[in-house]
Amino acid sequence: MKLKVLALFLAAVTLGLSSCNSNDDENGIVIDGITITDDVDCCSAEEALQVYKFLQTVKIIPELSIEVDGKYNVWAYSQSGSFHTGYNEIYFVATKKISGNYIKKFNIKNLTPLMHMVKMDMYHSSPASEGIESFNDSYLAVQRGWVSFSMPTSEAGDWVLSYDVEVLGSSAQVEKTAIMVDALPEGQEWVKSFKANDKTYYLSIVNPTDFETGKNTIEAYVSVPGEDRTASFGLAKEEFTIEIDPRMPDMGNHTSPDNTSLVRQKDGSYQGIINLTMTGLWRIHLTVKDTKGDVVAGGDDLKDGYSSLFWDVTL
Amino acid sequence: MIALALAILLSTDSVATSSHLIDEVVVVSVAGEGRKRSPKGQVASIDEHLAELSHVNLVRRGSYAWEPVVNNMQTERVSTTIDGMKIFYACTDKMDPVTSYVESGNLQSILLNSGLNGNPQSTGNIGGSLDLKLRKAGFNGDAFHLNASTGYETNGHVQVYGVDASTSSNRFYANGGAFFRHADNYKEGGGRKVSFSQFQKVNAFSNLGFRVTEQDVLEGTFIYDRATDVGYPALNMDVSKAEAFITSLAYRHQFDHPVFNTWETKLYYNHITHIMDDTTRPDVAIHMDMPGKSWTSGLYSLLTASKGSHDVQVNYDLYYNRLFADMTMYPGGAAPMYMVTWPDVGTLNTGVALTDLVALPHQQTVRVSAKIAQQWQKLNDEEGYHALRVFFPDMKDNYVQTTGRIAAIYTWQPSHWQLSFGTGWGSRAPTVTEAYGYYLNNTFDQYDYIGNPRLKNESAIELNGAVTWRPSTTFSLGADANAFFFSNYIIGQFENRLSAMTVDAEGVKVYGNLSHATIINTSLNAQWQALPWLTWNGKISYAAGRDDDSDPLPFISPFAYTSGIDVAWKRLHTRVEVRGNARQTDYAPKYGETKTAPWAIANLNATYTLPIRQTALTFRAGIENIFDKRYSTYADWCDIPQKGRNVYVNLAWEL
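Right, let's walk through the structure included here. (Residues numbered from 1 in each chain as written. Chains lettered and ligands numbered in written order. Predicted model: local features only at pLDDT ≥ 70, side-chain atom pairs only at ≥ 80, totals over all residues.)

In this section: the overall build of chain B. Per the secondary structure count, chain B includes four helices and 32 strands. At 24 Å, chain B has a C-alpha radius of gyration in line with the 26 Å of a compact globule built from 655 residues. Buried residues in chain B amount to 47% of all 655 residues. (Helix = DSSP H or I, 4+ residues; strand = E, 2+ residues; numbered from the N terminus. Rg over C-alpha atoms; globule rule 2.2 N^0.38 Å. Buried ≥ 20, exposed ≤ 12 C-beta atoms within 10 Å, placed from the backbone.)

Here it is in structure tokens:
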């Protein structure tokens, strides 16, 4: 406990100094459970501190963590330490057992969710990120991937998750590990699918929890299963435009002006602008169009005049 | 010396009363010759006192908290101050004009300056300025004075109880009192009950004065006012609580100087909390909480001086006001919906005003007044600011505005005649609702209103004139007219691209500037004392408003008339009157107004004063709407009907 207090104190002092003094004495940084050495594979004291601080903002998922070759540990984290239907980010770090320090380069591959449908005894996967990468220059030693669960764990079926890891020439596999996927509360529907070109496409909204009253960037992924439905669903090769029509069903389908369609970005994600005039339940009606401008999905006129393809976001 | 000082102190008011632009209704104390007062006396509500003023109409949303309209202009274009103090209402739906936060017992009189020739503390007073003069016991009065009054009205079982006491000496005075008012639902003409028209109100006040030296005086004021269970039959919501706390501390110096007369500096603070409530309404689609808060702190410093034929007032004022309102809606089962409707707008306003009354030879006077003010506004609520930016992506969270006014009036009073004419120019900054209001539902035209931070200041040129012919002491005939030529007139404009928020709303309007608009007001009045105990008086008025397409503006009074006979016999004074409006031909369908039918009602009242030794007992009784006519006026929000027949009695006792 004392050590931890000292660590936090020194961390604070060091951070304070680093802004005005470039010649920090790196040995001044003490992080609980980490020994900083001159190991080139591992983080410097400053880098390690940043990783350490980031990891304070997320929660570990013990069942997805693994020891590699008796020398390394790989740890998995998510925002809340659990999973829910729709888009979830998973963070990975690898440490050397000897020093506890974070390893800068390691590879996570084949992150695969798998659902076992009990009744039909069938298996299928779900949308997931194709690559797992360092997501921010500041956190070189943190890698990020995502999984969008198409349904929650229930009597109908259970989820397992697996991935492969390579750390400094050693490799290991987290085999199909049972995980719990919680249902979203009422008023939240963050993953939807539509059929087109004989395929089923999945629309996963990425950032619904970031939405606030006012102007927001809305981000999503369009995923599609390959031949093997038990392999994770990658991003669709086809390009679409996703038109949005946000409505408040509790307020007579009140809407907001100046929303822009989601269009594909260089990184494969889709982004647009959504304006939200107040908090509450927003039903974001979707019309998916192909590059020729033809409607592929949604945009159908129900009797209330709004697309039957939608996300629900309650803020 | 002291008597002289008092005379000068009081003179600031009487100086003003020489022109047709200034009107005053006396609330308490003996009304002087020609001074107006409500037939219900002190027991009358503030709204009933206001109704006595010429140029004033009242927009009614229920039986409580009527909105004064001056020269057919509503709150946005009227300045209201309490003894020079700025105070701003806290309800986004205008359920609480600031006049609702005082009681008759608090006031000496209500002074109206019509048009741009405003009182020194007023800003944005294109239509006029109202100053509610607080009732202070003053120095060298009675050592002890007690006042008690009570009233009862049959229609709505209105009960009024008031008591106040004062003590006064050469060095010190104090007065204070309490007022209680309660009303149940009233009945419209014909006897049908108007649901949600009840209210209850308590009010307590005190004024203190302390003479520090022969020439220096400290005065303090405190008012607490709380209305509860106020029904608004014209609206979808009622008010569970409207509460105000008003306080000030003033220092006044009496000069012994050939030029300078007095110098008064007042510090003040007031706070309003307004809580709307729809929980007692049946069939509410979505329950909503809509609280609003307003607090204002400020000061003014007024120097009066006279030299030769000039009477000069110089005033500096500064105030800071914060307005915040939000709305939470609770759809059954689903997540609550929240929005900020007034984004915690801080307004810092400071201005300098100058008034000069010049006495010219041959009964001529010229009164010139001018003011320049600068205003800084900041939106302190991030969420509200981001919400507005959806509609105005380039808006900022702070704005600066400069406003000003200048006006002059010339008066000539040869024998048997009084002639005056005046002109002025003035501007006002948009109100918080007009600039930053967010989805404020207006039940009058069924539109949701969004403020517009890009609005330009509105300005107007005023022309006015009046003539009174008084060939004898028993007869007079007068005419009065004014015209306001607006530039950048601010009004809600259709915005078809936006979607309404309120479930039953027709659409959305965004405040905008019309390039020009015009409002004119005219009236004729006559008085004839046919017999020493019998006087007839009559008044007719006509007004018109036009927007930039020459279409009528809303809330402009149709042709209106009053005719009454006063009979005075010994200590009994009775009056019978007929008042009415012609058909509203000039209504404004473009702005959601519907045509109001003509109406006429008859009223009767009587006052009897009985002196008992050192005390005076005054009885007042009357019948309003004698023939129980069912009617509503153009100013009745959503055409809610006025009271049917109402018999009232009240009793005031002065010790």
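Helix and strand counts for chain A come out as two helices and 23 strands. Split into buried and exposed, the 315 residues of chain A put 38% on the buried side. For chain A, the share of sequence-separated contacts (at least 6 apart) that also reach a separation of at least 24 residues comes to 58%. (Contact = placed C-beta atoms within 7 Å.)

Attention shifts here to the interface of chain B and chain A. Taken together, the contact pairs 20 residues of chain B with 21 residues of chain A. Taken together, the elements giving at least two residues each to the side of chain B that touches chain A come down to strand S18 (337-360) and helix H3 (382-389) of chain B. Considering every element that reaches the side of chain B that touches chain A, the biggest residue donor is H3(B), with four residues. The residue makeup of the side of chain B that touches chain A, split by class, is 15 nonpolar, two polar and three charged. (Nonpolar A, V, L, I, M, F, W, Y, C, P; charged D, E, K, R; others polar.)

For Asp69(A), which is not glycine, the phi torsion reads 55° and is therefore positive. Looking at the secondary structure, you find Asp69(A) in the loop between strand S2 (66-68) and strand S3 (72-78). Positioned with a positive phi, Asn625(B) is a non-glycine residue whose angle comes to about 50°. One can find Asn625(B) in the loop between strand S31 (615-624) and strand S32 (646-654). Judged by C-beta crowding, with 20 C-beta atoms within 10 Å, Asn625(B) ranks as buried.

For the rest of this paragraph, the subject is the sheet that holds strand S7 (residues 122-124) of chain A. Residues and elements named next belong to chain A. Taken together, four strands build an open sheet; the order of strands is S7-S6-S10-S11 and the sheet is antiparallel. If you trace the sheet from one side to the other, it starts and ends with S7 and strand S11 (170-179), each paired once. Mean inter-strand twist for the sheet, computed between neighbouring axes without regard to direction, equals 20°. Relative to S11, strand S10 (residues 157-167) is paired through eight bridges, and the arrangement is antiparallel. Note that in S11 the partner of valine 167 across the bridge is serine 170. (Pairing = 2+ DSSP bridges. Axes fitted to C-alpha atoms, helices over the stretch in contact; angles between N-to-C directions.)

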